[in-house]
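Below, each chain spelled out in residue letters.
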Amino acid sequence: MTPTPAPSARTWRFLPAASTYIALSIAAFVSLFPFVWMLISATNTSIDIIKGKTSFGDAFSTNVTNFFTLVDVPLVFWNSAKVAILTTLLTIAVSSLAGYGFEMFRSKMRDHIYSLVLLTLMVPFAALMIPLFMMMGRAGLINTHVAILLPTIASAFIIFYFRQSTKAFPTELRDAAKVDGLKEWQIFLYIYVPVMRSTFAAAFVIVFMTSWNNYLWPLIVLQSNETKTITLVVSSLASAYYPDFGVVMIGTILATLPTLLVFFIMQRQFVAGMLGSVK
Amino acid sequence: MADVRLTEIRKSFGALDIIKGVDLSIETGEFVVFVGPSGCGKSTLLRMIAGLEDITSGELTIGGSVMNDVDPSKRGIAMVFQSYALYPHMTVRENMGFALRFAGMAKEEIERRVTDAANILELGPLMDRKPKALSGGQRQRVAIGRAIVRNPDVFLFDEPLSNLDAELRVHMRVEIAKLHKTLKSTIIYVTHDQVEAMTLADKIVVLRAGVVEQVGAPLDLYDDPNNTFVAGFIGSPRMNFLKAQVASIAPGFVTVSLANQPDVQLRLPAAAPSVKVGDEVSIGVRPEHFRAAGQGDADLVVAVDVAEHLGNTSYVYAHVSAGERIIIERAESRSAINREKLTVGLSAASSFLFDSAGTRVR
């Protein structure tokens with residue numbers, strides 16, 4: 001029997017790189033497949049989709065027409081955009097101020113309060129739904145977009161993110177600004193925000209995507225068609241007695257576009273923000 | 001320009017006292033350097049003068065006005081920070097004019113002041129660059145320019161050269177000295193580098209653990225230190241301390257013999273000695289004050305550990321029989337240090353006597 005030749009040094013050298021590429025290829029396939037399948041399905045009829053057809057069809061225009069017939073697209077997009085943009089702006093405003101405050105101001109209670117804020121991350125949303133619904137009901141906010149905004153604008157995760165990022169903000173900049181005559185709010189606005197813009201951009205992407213895709217809480221508090229967001233509408237199309245999956249895929253594509261757009265526009269800032277604004 | 005007076009200034013964080021009652025007068029136009037090891041409170045004291053730290057007790061006046069609770073921007077001070085603290089999103093021009101713009105100054109006046117400061121500091125070609133496009137030295141000049149445009153009564157420098165390389169540090173040190181000559185402003189400068197302190201200061205304030213150890217002109221501190229801390233801190237390389245014992249006391253003199261070498265005796269001048277015969281003391285000798293063998297008042301044999309030749313001078317690292325490590329500067333001879341034993345002369349006139357607590361015996 002001929003002995004198997006030992007792998008050469010060259011083979012061993014390329015093995016780690018090859019493993020990395022294989023792992024990345026699998027991850028890329030898993031990430032991209034749903035998008036590709038969504039695009040293919042949007043061009044096929046519901047029956048073809050159920051049959052598992054994996055090639056492009058000719059029902060795209062029919063699906064688009066049906067979607068626009070069934071759904072008041074401008075209203076639904078307006079609702080989603082309004083909720084997502086307002087939630088994002090308010091969350092960033094509140095959470096960045098909180099993160100800045102937690103890091104910059106020293107007091108005996110600071111870390112206790114911060115621990116309590118972080119503790120709220122451990123409470124599952126399912127446990128909060130009923131109390132929140134009752135609160136919104138008593139405040140007369142059911143079926144309004146304010147009911148979606150209020151519980152989300154003080155985000156423990158985004159506060160945590162801002163506080164951690166603020167640790168890299170040079171305190172000497174704050175001192176220099178004080179000597180230059182700036183009040184604390186002016187330091188925040190004119191120095192902190194521009195210096196930490198990558199952190200803000202990353203937070204914007206995270207909060208916007210979360211808010212745009214928010215499903216469970218809007219499903220509970222938004223009850224009329226006039227207030228519903230795109231995620232609720234697509235979901236309702238999918239849960240019809242005879243769902244038209246081609247139409248659902250058109251809705252899914254349209255619902256995905258804004259988040260993709262925001263991500264691609266802010267991609268560089270997002271990556272920089274995740275790595276830290278201050279270098 | 002203004003004077004600065006600190007009266008019984010204290011700073012505490014809870015039960016921890018950082019500054020323990022500092023009294024200090026800084027005259028108009030004086031260049032004062034706070035010097036001391038890390039953690040001695042020099043930066044805290046500077047920040048208290050700037051208004052960036054609260055004063056726990058005591059009184060601070062600038063130009064005769066009490067400033068304890070006055071906003072930093074209204075104290076008539078400008079500060080240059082160790083890390084420059086330039087706003088990274090603004091150009092050099094914007095950085096320099098920012099405080100003035102915020103104070104509501106007219107555009108033309110801001111432009112005039114910024115241009116004047118840029119000319120003094122030769123920043124002209126850099127005015128539209130952002131800080132990240134500048135070298136360390138350029139950034140430091142911008143930081144100084146930002147202070148100059150405010151035309152402050154008092155300049156505060158917090159270890160401004162610490163982040164620069166050795167060559168640039170020397171260059172900027174000269175620039176700051178020239179700037180003081182030009183502007184004639186009151187300057188308070190913090191550093192842990194005693195060479196900076198010696199070369200820049202009109203007056204040095206030596207701090208240790210929140211207490212002022214000694215205040216005086218650089219050469220006064222060098223020639224006449226109050227204790228072993230000041231004696232060791234001022235001068236580079238630092239002063240050597242040799243253990244000794246008081247052998248006898250005569251009017252105006254104290255004779256001491258070195259530990260483990262009772263035959264090596266020095267008769268040191270002391271008008272009112274606070275020691276008695278038999279007391280443990282230490283003798284301070286600067287590296288440059290060792291004489292050649294036979295040319296001092298007593299000879300000392302040392303064991304050579306290693307020698308450094310710097311060209312213009314040489315340093316011998318050695319130890320004496322009692323174990324103390326000493327540094328000897330030998331400017332006159334290079335070959336004399338290539339041996340295991342070295343005999344050097346001790347001169348009573350250039351030696352200092354300290355008691356067992358480290359206080360100078362005069």
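Attention here is on the structure that accompanies the text.

## A short note on the overall build of chain B
And then number 1: Within chain B one finds eight helices and 20 strands.
And then number 2: Overall size of chain B, expressed as C-alpha extent along the three principal axes, is 75 × 45 × 35 Å.
And then number 3: Burial analysis of chain B (362 residues in total) assigns 53% to the buried set.
And then number 4: Considering only intrachain contacts with a sequence separation of at least 6, the fraction spanning at least 24 residues in chain B is 65%.
And then number 5: On chain B, roughly 15,800 Å² of surface is accessible, and the fraction owed to carbon and sulfur atoms is 49%.
And then number 6: Each charge sign in chain B was given a centre, from 40 positive and 44 negative side chains, and these centres are 4 Å apart.

## With respect to the overall build of chain A
And then number 1: A tally of helices and strands in chain A yields 15 helices and zero strands.
And then number 2: Relative to the 2.2 N^0.38 estimate, which gives 19 Å for 279 residues, the radius of gyration of chain A is 24 Å and therefore markedly larger than a compact globule would have.
And then number 3: Counting only C-alpha atoms and orienting by the principal axes, one finds that chain A spans roughly 75 × 70 × 35 Å.
And then number 4: Looking at chain A as a whole, 41% of its 279 residues qualify as buried.
And then number 5: Surface summary for chain A: the accessible area is close to 16,100 Å², and the carbon and sulfur share equals 72%.

## Description of the interface of chain A and chain B
And then number 1: Contact residues are listed per partner, giving 17 residues for chain A and 23 residues for chain B.
And then number 2: Contact with chain B buries area across many residues of chain A, yet A:Glu172, A:Val179 and A:Asp180 alone supply 40% of it, more than any other trio.
And then number 3: Across the contact surface, chain A and chain B share two salt bridges.
And then number 4: The partner of B:Arg47 in a salt bridge is A:Asp175, and the shortest N-O contact between them spans 2.6 Å.
And then number 5: For the pair chain A and chain B, the interface holds seven residue pairs in polar contact (both at pLDDT 80 or more).
And then number 6: Where the side of chain A that touches chain B is concerned, the elements lending two or more residues are helix 9 (171-179) and helix 10 (184-195) of chain A.
And then number 7: Sorting elements by how many residues they give to the side of chain A that touches chain B places helix 9 of chain A first, with seven residues.
And then number 8: For the side of chain A that touches chain B, the class distribution of residues is nine nonpolar, two polar and six charged.

## Brief notes about the nonpolar core
And then number 1: Core analysis: the largest hydrophobic core is formed by 82 residues, its most contacted members being A:Ile191 and B:Phe34.
And then number 2: A per-element tally of this core places helix 11 (residues 197-212) of chain A first, with nine residues.
And then number 3: Contact partners of B:Phe34, with chain neighbours within four places excluded, come to B:Leu24, B:Lys42, B:Leu45, B:Leu46, B:Ile49, B:Ile188, B:Tyr189, B:Val190, B:Thr191, B:Val205 and B:Leu207.
And then number 4: Core analysis: the next-biggest nonpolar cluster, separate from the first, contains 45 residues, B:Leu126, B:Leu164, B:Leu179 and B:Val230 among them.

## Let's talk about the sheet that holds strand 10 (residues 211-216) of chain B
Hydrogen bonds along the backbone pair up the strands of a sheet, which may run parallel or antiparallel.
All names here are of chain B.
And then number 1: The sheet built from six strands is open, its strands ordered 6-7-8-3-9-10 with mixed pairing. Here the strands that pair on one side only, and so sit at the sheet edges, are strand 6 (77-80) and strand 10. Averaged over all pairs of adjacent strands, the angle between their axes in this sheet comes to 20°, without regard to strand direction.
And then number 2: Of the pairings in the sheet, the one linking strand 3 (residues 31-35) to strand 9 (residues 203-208) comprises four bridges and is parallel in character. What sits directly across from Val35, in strand 9, is Val206.
And then number 3: In the packing of helix 4 (residues 136-148) onto the sheet, contacts are made with strand 6 and strand 7 (154-158), and the angle to strand 6 comes to roughly 175°.

## Focus: the packing of aromatic side chains
And then number 1: Counted under the stated rule, the structure contains 27 aromatic pairs over all chains.
And then number 2: On the basis of an interplanar angle of 80° and a centroid distance of 6.0 Å, the ring pair of A:Phe67 and A:Phe68 is categorised as edge-to-face.
And then number 3: Residue class for A:Phe67 comes out buried when judged on its relative accessible area of 0%.
And then number 4: By way of ring pairs, the aromatic residues A:Tyr100, A:Phe105, A:Tyr161, A:Phe162, A:Phe169, A:Phe188, A:Tyr192 and A:Phe200 are connected into one cluster.
And then number 5: Sitting above the plane of the A:Tyr114 ring, A:Arg163 keeps its charged end 4.4 Å from the centroid.
And then number 6: Its guanidinium or amino end placed over the ring of B:Tyr87, B:Arg146 lies 5.0 Å from that ring's centre, counting from NZ or CZ.

## A look at unusual backbone geometry
As a rule of thumb, non-glycine residues mostly have phi less than zero, and peptide bonds are mostly trans rather than cis.
Residue and element names in this part refer to chain B.
And then number 1: Residue Pro237 is reached from Ser236 by a cis peptide bond, and omega for that bond is -5°.
And then number 2: The backbone of Tyr84 shows a phi angle near 75°, a positive value even though the residue is not glycine.
And then number 3: Inspection of the secondary structure puts Tyr84 in the loop between strand 6 and helix 2 (92-102).
And then number 4: Even without glycine at this site, Asn151 takes up a positive phi of about 50°.

## Looking at the sheet that holds strand 19 (residues 341-346) of chain B
Residues and elements named next belong to chain B.
And then number 1: Within the open sheet, the five strands sit side by side as 15-19-16-17-18. Their pairing is antiparallel. Each edge of the open sheet carries a strand with a single partner, namely strand 15 (291-292) and strand 18 (325-329).
And then number 2: Bridge count for strand 16 (residues 298-309) against strand 19 is six bridges, and the pairing is antiparallel. Within the sheet, the bridge partner assigned to Leu300 lies in strand 19 and is Val344.

## Focus on the side chain of B:Glu30
All names here are of chain B.
And then number 1: One can find Glu30 in the loop between strand 2 (16-26) and strand 3.
And then number 2: What makes Glu30 buried here is its relative accessible area of 15%.
And then number 3: In terms of polar contacts, Glu30 uses its side chain to reach the backbone amide nitrogen of Glu27, at 2.8 Å.
And then number 4: Those residues in contact with Glu30 that lie beyond four places of it in its chain are Ser25, His180, Ser185, Thr186, Ile187, Asp202 and Lys203.

## Examining the pattern of salt bridges
Opposite charge on two side chains permits pairing when their charged atoms draw close.
And then number 1: A complete count under the given rule lists 26 salt bridges over all chains for this structure.
And then number 2: A salt bridge links B:Glu109 to B:Arg112; the nearest nitrogen and oxygen atoms lie 2.8 Å apart. On the criterion of helical spacing, the pair formed by B:Glu109 and B:Arg112 is a turn pair, its members being three residues apart in helix 3 (residues 107-121).
And then number 3: On the basis of relative accessible area, B:Arg112 is assigned to the partly exposed category, the value being 43%.
And then number 4: Among the charged side chains, a network of salt bridges with common partners joins A:Glu103, A:Arg110, A:Asp111, A:Arg163 and A:Lys167.

Rules behind the numbers
Residues numbered from 1 in each chain as written. Chains lettered and ligands numbered in written order. Predicted model: local features only at pLDDT ≥ 70, side-chain atom pairs only at ≥ 80, totals over all residues. Heavy atoms only, no water. Helix = DSSP H or I, 4+ residues; strand = E, 2+ residues; numbered from the N terminus. Buried < 20%, exposed > 50% of the residue type's maximum accessible area, 1.4 Å probe, protein only. Contact = heavy atoms within 4.5 Å. Areas by Shrake-Rupley, 256 points an atom, 1.4 Å probe, with all protein chains shown as cover. Lys, Arg positive; Asp, Glu negative; His and termini not counted. Charge placed at Lys NZ, Arg CZ, Asp CG, Glu CD. Rg over C-alpha atoms; globule rule 2.2 N^0.38 Å. Buried area = accessible area lost by both parts, 1.4 Å probe. Salt bridge = Lys/Arg side-chain N within 4 Å of Asp/Glu carboxyl O. Polar contact = N/O pair within 3.5 Å; in protein donor to acceptor, adjacent residues only side chain to side chain. Nonpolar A, V, L, I, M, F, W, Y, C, P; charged D, E, K, R; others polar. Core = buried A, V, L, I, M, F, W, Y, C linked by side-chain atoms within 4.5 Å. Pairing = 2+ DSSP bridges. Axes fitted to C-alpha atoms, helices over the stretch in contact; angles between N-to-C directions. Phe/Tyr/Trp six-rings, centres within 6.5 Å; stacked < 30°, edge-to-face > 60°. Lys NZ or Arg CZ within 6 Å of the ring centre and 35° of its normal.

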